[in-house]
Amino acid sequence: MEQRSSGRDNVTVGILALQGAFAEHQVMLQKLSLKRRVAIVLVRQPEDLDKCDALIIPGGESTTIALLARLAGLLEPLREFLKTKPVWGTCAGAILLARAVEGAKKGGQELLGGISIAIERNGFGSQVESFEAPLEVEGLRESNKPFHGIFIRAPVVLSLNPGPTDPPIQIISRISTSLLPVGQTAVPSDEDDTDPRDPRTIVALRQGMHLLTTFHPELTKDDRFHEYFVRECVLPTLSRAPSPA
């Protein structure tokens, strides 16, 4: 179901609805109680993007999402959208937002490339190695209350690679080194078990107006990440946009 925005008192968030947990994101956005009403567009074709102030790319299967986006003629429109409007990628969506990926399927992985990181697909392991963990998240409403992170075949951030003209990368949340994939050598953590020297502990970050989470906020009953995306990433871009003549 599409909910259209009728004015600038509203904000329209699109959800890429080709595969994955797009319905769960829709439910979370519908729960938000903000001063500006959030209208929702399920994006399945290029013209849907024209209605959107921002976009969420859901968790699912990154290779399949990329293939379906190409078949729908959406890959290049998505890359253009990223240049001017906020995008949030969760899990598979985080992979698509990266500029480089390791562990891709045979034949490679098409990327949108909106965030200056390298990421490893399924870096935390297979479905049976999925896990849940409480997260401390900077900037959330009630930030002293942990956010329940659900990691399902989650990707792992390998490196941060911002160029000289790229916006800085802001780390929002990390996990303990004890939760990193078994068999990988961890950077010695000293007293800090969310070691800031090890990029693999990063599970949520921002770069400019874009947001990336390697876990699934949409699978919880906690709407604080969706509120954060709208409040911190989307609304500031609308306030900077020129008013219609």
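What you see is a predicted model, and the numbers here were worked out from it, not measured in a lab.

Q: When you look at the overall build of the chain in this model, what are you seeing that I'm missing?
A: Secondary structure assignment for the chain yields six helices and 12 strands. Counting every position in the chain, which comprises 245 residues, the buried fraction comes to 51%. Long-range contacts, defined as pairs at least 24 residues apart, comprise 73% of the intrachain contacts of the chain with a sequence gap of at least 6. Per element, the accessible surface of the chain, about 11,300 Å² overall, is 52% carbon and sulfur.

Q: Looking at this structure, how should I read the sheet that holds strand 10 (residues 169-174)?
A: Sheets are built from strands paired through backbone hydrogen bonds, the pairs being either parallel or antiparallel. Spatial strand order, 2-1-3-4-12-11-10: seven strands in an open sheet with mixed pairing. Of all the strands in the sheet, just strand 2 (37-43) and strand 10 have a single pairing partner and so form its edges. Going across the sheet, the axis of each strand differs from the next one's by a mean of 15°, ignoring polarity. Sheet strands in contact with helix 4 (residues 75-84) are strand 1 (10-16), strand 3 (54-57), strand 4 (87-90) and strand 12 (210-213), and its direction is about 125° off that of strand 3.

Q: Got a minute to help me understand the sheet that holds strand 6 (residues 115-120) in this structure?
A: The strand order across the open sheet built from three strands is 5-6-9, with neighbouring strands paired in mixed fashion. Every interior strand has two partners, whereas the edge strands, strand 5 (98-102) and strand 9 (156-160), have only one. On average, each strand axis in the sheet is tilted by 30° relative to the strand beside it, whichever way the strands run. Alignment of strand 5 against strand 6, held across four bridges, turns out to be parallel. Looking across to strand 6, one finds that Glu-102 is bridged to Glu-120.

Q: Help me understand unusual backbone geometry, please; the structure alone is not making it clear to me.
A: Among all residues save glycine, negative phi is the norm, and among peptide bonds the norm is trans. Within the chain, Glu-142 stands out as a residue other than glycine whose phi angle is a positive 55°. Of note, Glu-142 is situated in the loop between strand 7 (131-135) and strand 8 (147-151). Non-glycine residue Arg-153 carries a positive phi angle of around 45°. Assignment of secondary structure puts Arg-153 in the loop between strand 8 and strand 9. Judged by relative accessible area, Arg-153 falls into the partly exposed class, the value being 29%.

Q: Would you explain the packing of aromatic side chains in this entry?
A: For the structure shown, the criterion picks out eight aromatic pairs. Pairing Phe-151 with Phe-215 gives two aromatic rings, centres 5.4 Å apart and planes at 45°, and the pair type is tilted. Of this pair, Phe-151 sits in strand 8 while Phe-215 sits in the loop between strand 12 and helix 6 (224-240), placing them 64 residues apart in sequence. Considered together, Phe-151 and Phe-215 belong to a single accessibility category, that of buried residues. One aromatic cluster is present, formed by Trp-88, Phe-131, Phe-147, Phe-151, Phe-215, Phe-225, Tyr-228 and Phe-229 through successive ring pairs.

Q: When you look at the environment of Val-87 in this model, what are you seeing that I'm missing?
A: With respect to the secondary-structure elements, Val-87 resides in strand 4. Between the alpha carbons of Val-87 and Met-209 there is a distance of 7.3 Å; along the sequence they are 122 residues apart. If we skip the residues at most four places from it in the chain, Val-87 touches Leu-55, Ile-57, Phe-81, Leu-82, Leu-97, Met-209, His-210, Leu-211 and Phe-229.

Q: Hey, could you run me through helix 3 (residues 62-71) in this one?
A: Since there are 3.6 residues in each turn of an α-helix, residues three or four apart along the chain are aligned in direction. Among all positions of helix 3, only Ser-62, Ile-65, Ala-66 and Ala-69 are buried. Buried positions in helix 3, seen along its axis, are confined to an arc of 100° and lie on one side of it. Away from its buried face by more than 90 degrees, helix 3 exposes Leu-67 and Leu-71. Where helix 3 is buried, its residues contact strand 1, helix 4 and helix 5 (92-97). Between the side-chain oxygen of the N-cap and the backbone nitrogen of Thr-63 there are 3.0 Å, and the N-cap of helix 3 in question is Glu-61.

Q: Help me out: how do you make sense of the pairing of strand 12 in this one?
A: In regular strands, side chains alternate between the two faces of the sheet. Burial along strand 12 is two-sided: His-210 and Leu-212 facing one way and Leu-211 and Thr-213 facing the other are all buried. Here three bridges tie strand 4 to strand 12, and the two strands are oriented parallel to one another. Paired with Gly-89 across the bridge in strand 12 is Leu-212. As paired elements, strand 11 (residues 202-207) and strand 12 share four bridges and run antiparallel to each other. Of the residues in strand 12, the one forming a bridge with Arg-206 is Leu-211. What sits between strand 11 and strand 12 in their antiparallel hairpin is a turn of two residues, with Gly-208 showing a positive phi close to 60°.

Basis of the calculations
- Residues numbered from 1 in each chain as written.
- Predicted model: local features only at pLDDT ≥ 70, side-chain atom pairs only at ≥ 80, totals over all residues.
- Heavy atoms only, no water.
- Helix = DSSP H or I, 4+ residues; strand = E, 2+ residues; numbered from the N terminus.
- Buried < 20%, exposed > 50% of the residue type's maximum accessible area, 1.4 Å probe, protein only.
- Contact = heavy atoms within 4.5 Å.
- Areas by Shrake-Rupley, 256 points an atom, 1.4 Å probe, with all protein chains shown as cover.
- Pairing = 2+ DSSP bridges.
- Axes fitted to C-alpha atoms, helices over the stretch in contact; angles between N-to-C directions.
- Phe/Tyr/Trp six-rings, centres within 6.5 Å; stacked < 30°, edge-to-face > 60°.
- Arc of directions from axis to C-beta.
- Polar contact = N/O pair within 3.5 Å; in protein donor to acceptor, adjacent residues only side chain to side chain.

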